[in-house]
Amino acid sequence: MLLHEFRPGRLVAGATAMTIAVLYAGDAAGSWRTPWYAVVPLLCGGLWLAATATWVAYRMRRRRAARAASTESTDAPASTSGSHAMR
């Protein structure tokens, strides 16, 4: 059982941020040169992918919840007086 719900959009956004951090760390260490404008398309593309993944996951959760709600019983409870005691 999972401790929390899987959020693919956050995974993609985190991977994008880590990639940008590695690019700038390599530039700071002198391993390679990364111009500031090279990161803009990577950031925009990564955030777009994260938003798309979040939207798809949201739609899947909504569809799964609607399917589960339609299979449950919607009858009135045994006691409608507000008390759970049997009379």
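Residues numbered from 1 in each chain as written. Predicted model: local features only at pLDDT ≥ 70, side-chain atom pairs only at ≥ 80, totals over all residues. Heavy atoms only, no water.

Some thoughts on the packing of aromatic side chains
The final tally for this structure, using the stated rule, is one aromatic pair. Arranged with centres 5.8 Å apart and planes meeting at 85°, the rings of W36 and Y37 form a pair that is edge-to-face. (Phe/Tyr/Trp six-rings, centres within 6.5 Å; stacked < 30°, edge-to-face > 60°.)

With respect to the environment of T34
Examined against the element boundaries, T34 turns out to sit in the loop between α1 (8-29) and α2 (39-71). Accessibility expressed as a relative area gives 7% for T34, which makes it buried. C-alpha of T34 to C-alpha of Y24: the two residues are 10 residues apart in sequence and 6.7 Å apart in space. Once residues within four sequence positions are removed from consideration, T34 is found in contact with L23, D27 and V39. A polar contact of 3.3 Å, which involves the side chain of T34, links it to the backbone oxygen of L23. For T34, the side chain forms a polar contact with the side chain of W32, separated by 3.1 Å. (Helix = DSSP H or I, 4+ residues; strand = E, 2+ residues; numbered from the N terminus. Buried < 20%, exposed > 50% of the residue type's maximum accessible area, 1.4 Å probe, protein only. Contact = heavy atoms within 4.5 Å. Polar contact = N/O pair within 3.5 Å; in protein donor to acceptor, adjacent residues only side chain to side chain.)

Structural notes on a nonpolar patch on the surface
A cluster of nonpolar side chains, namely Y24, W36, Y37 and V40, defines an oily patch on the protein surface of about 480 Å² accessible area. If you trace the backbone, Y37 turns up in the loop between α1 and α2. (Patch = residues over 30% accessible without salt bridge, like charges linked within 9 Å, V, L, I, M, F, W, Y side chains within 5 Å. Areas by Shrake-Rupley, 256 points an atom, 1.4 Å probe, with all protein chains shown as cover. Salt bridge = Lys/Arg side-chain N within 4 Å of Asp/Glu carboxyl O.)

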